[in-house]
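Commentary on secondary and tertiary structure
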Amino acid sequence: MSGSSRIVAVLGPTNTGKTHYAIERMLGHRTGVIGLPLRLLAREVYDKIVAIRGPSVVALVTGEERIVPPRTQYWVCTVEAMPEGMGADFVAIDEIQLCTDPERGHVFTDRLLRSRGTSETLFLGSDTMRGPISALVPEAQFVRRERMSQLVYAGSKKISRMPPRSAIVGFSVDNVYAIAELLRRQKGGAAVVMGALSPRTRNAQVDLYQNGEVDYLVATDAIGMGLNLDVNHVAFSSLTKFDGRRMRPLAPNELAQIAGRAGRGMSDGTFGVTGEAPPLDEGTAQAIMDSRFTPMKKLNWRNAALRFGSIEALIDSLEISPDNENLLKARPADDLNVLKSLSQVTEVMARASDPQSVRLLWDVCRIPDFRGISHSEHASLLEVIYGHLHERQSIPDDFMARQIRRIDRTDGDIDALSKRLAYIRTWTYVAQRNGWVRDESHWREETRTVEDRLSDALHDRLTQRFVDRRTSVLLRRLKQKEALLAEVNDKGEVTVEGEFVGRLEGFRFSPDKAAQGTEAKALKSASLQALAPQFHLRADRFYNAPDTEIDFTEQGGLMWGEYAVGKLVAGAEPLKPMVEVFVDEAAGPDVEQKVQRRLQHFIDRKVAALFEPLLNLSRDEELSGLAKGFAFRMVEALGILPRAQVAHDVKDLDQDARGALRKHGIRFGQFTIFMPLLLKPAPTRLRLVLWALAGGLQEFPEAPPPGLVTVPVAKDAPRGYDTMCGYRDAGERSIRIDMLERLADMLRSEDSRGGFEAKPDMLSITGMTLEQFADLMQGLGYKAERGEREKVKAAPAEQPAAEASEQPVTEETPADAGATDEAAAPAEAAAEATESTEAAAEAPVAEPASDEPEVEVFYTFTWGRQRQQNRGPRREQGQGKGKPRGKPQDNRRPQGKKGGKPQGAKSFSARPPKKEKAIDPDNPFAAALMGLKDSN
């Protein structure tokens with residue numbers, strides 16, 4: 001090179017602006033070349049220069065990428081790809097301290113010794129290179145640049161306590177992924193930067209960090225090579241690394257190179273350790289802060305004057321030792337190891353029989369092992385490539401197409417995509433070499449397209465796995481104290497800043513269940529803050545909603561559509577329940593009060609509508625005395641009272657009092673005193689809820705299906721449950737109380753002392769078989785005696801009735817409407833009763849012989865308890881069935897006159913006649929008494 005060339009070594013710690021200085025100096029010349037240690041950094045510098053001078057004069061040359069415009073003035077290259085013999089005005093080598101690297105050091109040493117610009121040459125790097133540069137390049141001038149900000153040791157920190165804008169450094173892929181996963185769970189995510197990533201993937205990941213979508217970066221030591229990031233803190237997860245042959249501790253200057261990424265420009269930075277890395281000793285930490293390191297003495301070197309006469313001569317020239325005490329023979333690199341392996345292959349030796357073939361073999365051996373599978377597999381692939389190039393002077397198109405087609409897939413996980421990306425880099429490198437493929441532009445574009453596609457897919461997988469976008473976005477916006485935009489769709493799904501965060505169920509927010517731990521807390525905090533306006537809008541809409549949108553459940557819950565918004569709690573009186581609302585505390589007291597008022601209005605109106613007769617009874621000021629007291633008991637019992645419980649009170653009521661109570665719809669039945677309007681399904685459903693609340697039940701029993709005359713007795717039900725349902729337990733089934741009173745009316749005309757059989761109407765209104773009716777009658781206090789007799793067939797009924805047990809009780813049809821009940825009587829029961837109960841007998845009967853009379857089963861019912869005047873029969877538990885009776889001799893039913901004295905008997909008295917007391921029409925024996933009176 002010309003002796004007039006100026007050689008300057010610009011040395012100093014990180015963040016001194018050395019690379020920026022070199023770019024400025026190069027652009028001050030007409031032509032220039034800058035060599036950089038990483039493909040990633042080369043792309044970054046290329047983009048900067050293009051932004052200043054435009055793409056038409058800037059070239060980018062790396063092992064896998066080649067952009068060379070026709071009018072190129074400035075070349076941005078990796079150190080290995082720097083063109084030689086161009087005679088550029090300016091040449092710069094960055095990170096010159098890599099001359100000591102075991103793997104690549106000999107390349108940097110070669111550039112230090114042989115690369116020169118015609119006008120200016122710059123060597124950029126650590127101050128530890130001053131000694132070797134002085135010895136090997138005596139004419140070099142030195143410029144010391146000081147760090148623009150301070151670097152301070154911060155000790156050890158847990159990853160969960162890591163401050164924002166931190167970079168955590170790992171030295172293996174597994175370590176990097178594990179840290180990134182932990183940060184996703186605890187901090188919302190992290191960007192991932194590794195040297196093996198393509199520039200496209202790396203830039204996309206860095207953008208995540210630089211744009212603030214994530215606050216954390218997990219990287220390998222690749223970030224120490226001049227990558228400019230806005231990092232405030234660097235934490236080492238380990239202080240050792242695998243250098244390709246063994247695990248070794250990192251030297252202080254290597255730690256400083258990485259730690260120096262913290263603090264950019266005039267902003268100070270900190271560094272420390274995390275995870276399983278032990279704290280730095282005081283001397284090492286201070287050396288990093290002061291940038292004082294042991295000077296380098298020997299640089300790795302490999303002979304550049306190669307002999308291509310034969311493979312043996314080439315290997316010998318590569319293994320020559322240096323003759324300078326400042327140089328150290330480099331250990332065999334991958335290219336030399338592959339050359340030695342292929343020299344053992346007979347076919348390769350036969351092909352490499354002339355200098356041109358040996359030179360071609362050496363070029364093939366310099367293809368980097370991007371795949372990193374094994375030395376033998378890499379050597380086998382290079383043998384195939386060499387065979388094609390030597391035999392055909394280029395790689396066949398169909399061979400290239402097969403290799404690329406096999407790799408061109410974007411399915412799979414991160415590891416699968418990373419492997420494919422490594423594989424495509426091999427063919428990208430091949431396509432960049434001049435003359436190795438027939439259509440260079442096509443294959444360069446093809447491999448670049450596949451690499452970009454794989455890079456984008458890998459970026460997506462990395463982001464999906466290691467970045468929780470919603471948490472990171474919400475935390476960032478919260479930190480910036482900006483108003484968060486929340487939206488709730490018609491399904492209740494909540495999105496904040498476009499990210500799904502959970503569901504709004506009524507007035508309670510349910511975070512996404514996929515979030516856990518710290519992530520869930522952050523998510524809920526940010527979501528509730530953003531939802532504050534939504535709570536108010538929803539409360540206004542709820543307050544103005546019609547009652548048809550609100551309902552109560554049989555367990556006392558209050559629903560708005562499908563969402564639970566509150567529950568009923570016991571009030572001072574059964575008909576005045578209170579409301580407890582389900583509203584998140586974050587919604588505020590205004591929303592809570594508005595929801596409370598609306599729900600209270602709803603339940604008050606519901607009680608007023610369904611229990612209007614009962615409320616009118618309670619407000620009747622004309623009632624007095626015993627009638628007023630009885631009305632109070634009626635209201636307290638929610639409109640249904642078993643007569644046995646108030647028999648004495650009923651007896652004491654005079655006709656005027658009873659008439660006043662009847663005006664309110666109260667019916668004085670033989671078994672129950674009730675309001676027929678309150679037996680409808682809707683009042684019954686609410687009555688059970690109010691009764692359960694007043695009784696303090698933990699689990700509310702449900703109402704029976706509406707419309708059935710009888711239902712099975714509910715086992716283990718609370719005491720009084722059957723009454724609140726509007727039924728009375730009798731045997732194995734419960735019968736609706738209005739239908740029970742109709743049955744009682746029929747039973748009054750029967751001879752309960754002498755015995756009677758079931759009439760068709762009795763079976764019809766109950767919808768029961770004869771066996772079921774017998775059990776019911778026993779539950780009501782009667783004895784049922786079973787017998788058999790010769791069957792006398794009767795004419796079939798003309799019009800069978802409908803199934804009474806399935807007759808619905810609707811809001812429009814009163815529960816005690818006799819005509820409706822009779823019209824709905826079951827066809828089977830009517831026919832059975834008409835035919836003297838022949839079809840109702842369910843007991844197995846032997847098939848009669850043709851010459852024997854057919855027999856039937858019948859029951860005779862008699863009253864089984866002592867009668868008490870003015871009181872209906874009381875239910876006796878455990879009443880057993882009577883013994884079977886024999887067939888009556890005259891085959892006729894017992895006769896009697898309504899249970900009175902034998903016909904023809906007379907009685908006389910010497911006492912003067914007393915004034916007759918009016919007969920109570922509600923007395924169960926009123927009809928019989930009136931008959932006796934008329935007969936006398």
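Rules and cut-offs
- In this convention, every chain numbers its residues from 1, walking through the sequence in written order.
- The model is predicted, so local features are restricted to residues of pLDDT at least 70 and side-chain atom pairs to those at 80 or more, both for listing and for counting; the totals for chains, interfaces and linings are taken over all residues.
- By convention in this description, side-chain values take in all heavy atoms of the structure and omit both hydrogens and water.
- Strands here mean DSSP runs of E at least two residues long; helices mean DSSP runs of H or I at least four residues long; both are numbered from the N terminus.
- Throughout, exposure labels follow a simple rule: accessible area from a 1.4 Å probe, protein chains only, divided by the maximum for the residue type, with under 20% read as buried, over 50% as exposed, and the rest as partly exposed.
- Contacts are assigned to residue pairs that have any heavy atoms within 4.5 Å of one another.
- Using a 1.4 Å probe, accessible areas were evaluated by the Shrake-Rupley method; residue-level cover was limited to the displayed protein chains.
- For two strands to be treated as a pair, DSSP must find at least two bridges joining them.
- Here, axes are lines fitted to C-alpha atoms. For helices the fit covers the stretch in contact, and angles between N-to-C directions go from 0 to 180 degrees.
- We call a set of buried Ala, Val, Leu, Ile, Met, Phe, Trp, Tyr and Cys residues a nonpolar core when their side-chain atoms join them within 4.5 Å.
- Each C-beta atom gives one direction from the helix axis, and the arc is the one those directions make.
- N or O atoms within 3.5 Å of each other form a polar contact, as long as, within protein, one can give a hydrogen and the other can take it, and as long as residues adjacent in sequence are counted only when both atoms are side-chain atoms.
- When a carboxyl oxygen of Asp or Glu is within 4 Å of a side-chain nitrogen of Lys or Arg, the pair counts as a salt bridge.
- What counts as a ring pair is set by centres within 6.5 Å for rings of Phe, Tyr and Trp (its six-membered ring), and what kind of pair is set by the plane angle: stacked under 30 degrees, edge-to-face over 60, tilted for all other angles.
- Sitting over a ring, as applied to charges here, requires NZ of Lys or CZ of Arg to be within 6 Å of the ring centre and within 35 degrees of the ring normal.
- For every residue, the predictor states its confidence as a pLDDT score lying anywhere from 0 to 100.

**Here we look at the overall build of the protein**
Within the protein, the regular secondary structure consists of 31 helices and 34 strands. Burial statistics for the protein: of 936 residues in total, 50% are counted as buried. Pairs at least 24 residues apart make up 70% of the contacts formed inside the protein by residues separated by at least 6 positions. Here the protein has roughly 44,700 Å² of accessible surface; of this, 49% comes from carbon and sulfur atoms.

**Structural notes on the sheet that holds strand β5 (residues 74–78)**
Strands pair in a sheet through their backbones, by hydrogen bonds, and they do so in one of two ways: parallel or antiparallel. With respect to topology, eight strands assemble into an open sheet ordered β4-β3-β5-β2-β6-β7-β1-β8, the strand pairing being mixed. Across the chains shown, the open sheet's two edge strands, defined by having one partner strand only, are β4 (66–67) and β8 (141–144). Two elements, strand β1 (residues 6–11) and strand β7 (residues 120–125), share six bridges in a ladder whose sense is parallel. Within β7, the residue paired with Val8 across the bridge is Leu122. Packed onto the sheet, helix α1 (residues 18–27) meets β1, β2 (32–36), β5, β6 (90–93) and β7 and runs at close to 170° relative to β7. Sitting on the sheet, helix α2 (residues 39–53) touches β2, β3 (58–61), β4 and β5, and the angle it makes with β5 is about 165°.

**Topic: the pairing of β2**
In terms of burial, β2 is a largely internal element, five of the five residues being buried. Alignment of β2 against β6, held across four bridges, turns out to be parallel. In the sheet register, Val33 faces β6, and the bridge partner there is Val91.

**Brief notes about the sheet that holds strand β12 (residues 216–219)**
Ordered in space as β9-β16-β13-β10-β12-β11, the six strands form an open sheet in which the pairing is parallel. Every interior strand has two partners, whereas the edge strands, β9 (151–156) and β11 (191–193), have only one. Adjacent strand axes in the sheet meet at a mean angle of 25°, parallel and antiparallel pairs treated alike. Note that strand β13 (residues 233–236) and strand β16 (residues 269–273) share four bridges and pair parallel. For His233, the partnering residue across the bridge sits in β16 and is Thr270. Together, β10 (166–169), β11 and β12 form the strand contacts of helix α5 (residues 173–187), whose direction differs from that of β12 by roughly 165°. Contacts between helix α6 (residues 199–210) and the sheet are confined to β10, β11 and β12, with β11 contributing the most and set at about 140° to the helix.

**Things to note about the pairing of strand β31 (residues 727–730)**
Of the two faces of β31, both are covered, the one formed by Tyr727 and Asp729 as well as the one formed by Arg728 and Ala730. Where β31 and strand β32 (residues 733–736) come together, four bridges link them in antiparallel fashion. When the sheet's bridge partners are listed, Asp729 is paired in β32 with Ser734. Taking the residues between adjacent antiparallel strands as the criterion, β31 and β32 are bridged by two residues, where Gly731 takes a positive phi near 70°.

**So, the nonpolar core**
In this structure, Phe507, Leu617 and Phe630 are the most contacted members of the largest nonpolar core, which totals 67 residues. Apart from the residues lying within four places of it in its own chain, the contact partners of Phe630 are Leu641, Val646, Asp649, Val650, Leu653, Leu661, Phe668 and Ile673. Within the second largest apolar cluster, 62 residues are counted, among which are Leu360, Ile424, Val450 and Leu462.

**Concerning helix α14 (residues 397–407)**
Owing to its 3.6 residues per turn, the α-helix brings residues three or four apart onto one side. By the burial criterion, the buried members of α14 are Phe399, Met400, Gln403, Ile404 and Ile407. Here the buried residues of α14 occupy an arc of 125° about the axis, which is enough to place them on one side. Facing away from the buried side of α14 by more than 90 degrees, the exposed set consists of Arg405 and Arg406.

**A few points about the side chain of Thr274**
One can find Thr274 in the loop between β16 and α8 (282–290). A polar contact of 2.6 Å, which involves the side chain of Thr274, links it to the backbone oxygen of Lys157. Within polar-contact distance, the side chain of Thr274 engages the backbone nitrogen of Ile159 at 3.5 Å. Setting aside chain neighbours within four positions, we find Thr274 in contact with Lys157, Lys158, Ile159, Met162, Ile168, Ala235, Phe236 and Ser237.

**Quick word on the pattern of salt bridges**
What the rule picks out here adds up to 54 salt bridges. Note that Asp738 and Arg736 form a salt bridge whose closest N and O atoms lie 2.8 Å from each other. When sorted by exposure, Asp738 lands in the same class as Arg736, which is buried. A cluster of three or more residues bridged by salt bridges with shared partners is formed by Arg39, Arg43, Asp47, Glu64, Glu65, Arg425, Arg448 and Glu451.

**Some remarks on the environment of Ile735**
With respect to the helices and strands, the residue Ile735 is situated in strand β32. Look at Ile735 and you get buried, because its relative accessible area is 0%. Expressed as a C-alpha distance, the spacing of Ile735 and Val713, which sit 22 residues apart in the sequence, is 9.2 Å. Filtering out sequence-adjacent residues up to four positions away, Ile735 remains in contact with Val709, Thr710, Gly726, Tyr727, Arg728, Leu740, Thr766 and Leu776.

**Comments concerning the packing of aromatic side chains**
Here the structure, examined in full by the defined rule, presents 13 aromatic pairs. With 5.8 Å between their ring centres and 75° between their planes, Phe399 and Trp427 make a pair best called edge-to-face. Residue Phe399 is located in helix α14, and its partner Trp427 is located in helix α15 (residues 414–432); the two are separated by 28 residues in the primary sequence. Judged by its relative accessible area of 10%, Phe399 is buried. For the pair Phe756 and Tyr782, a centre-to-centre distance of 6.1 Å together with 85° between the ring planes defines the contact as edge-to-face. Here Tyr782 lies in strand β33 (residues 782–790) and Phe756 lies in the loop between α26 (737–747) and α27 (760–766), a separation of 26 residues in the sequence. With respect to burial, Phe756 and Tyr782 carry one shared label: buried. Aromatic ring contacts, followed pair by pair, group Phe756, Phe773, Tyr782, Tyr859, Phe861 and Trp863 into a single cluster. Positioned above the aromatic ring of Trp436, the side-chain terminus of Arg433 is 4.9 Å from the ring centre.

**Structural notes on the confidence of the model for the protein**
The predicted model of the protein averages 82 in pLDDT, with 81% of residues at 70 or higher. Across residues 799–849, confidence stays below pLDDT 50; counting only partners more than four residues off in sequence or on other chains, it has 106 contacts. Considering only residues more than four positions removed or in separate chains, one finds that residues 868–915, a stretch of pLDDT under 50, has 63 contacts.

**Focus on unusual backbone geometry**
Where the residue is not glycine, phi is negative for most of them; where a peptide bond is considered, it is trans in most cases. A positive phi angle, near 55°, is found at Glu95, a position not held by glycine. Positionally, Glu95 belongs in the loop between β6 and α3 (105–114). Residue classification places Glu95 among the buried residues on the basis of a relative accessible area of 7%. Notably, Asp716 is not glycine yet its phi reads approximately 60°, a positive angle.

**A closer look at the environment of Arg53**
Among the structural elements, Arg53 can be located in helix α2. Residue class for Arg53 comes out partly exposed when judged on its relative accessible area of 38%. Taking C-alpha positions, Arg53 is 8.7 Å from Leu27, a pair spaced 26 residues apart along the chain. Residues within four places of Arg53 in sequence aside, it is in contact with Leu27 and Tyr74. A distance of 3.0 Å separates a polar atom in the side chain of Arg53 from the backbone oxygen of Leu27.

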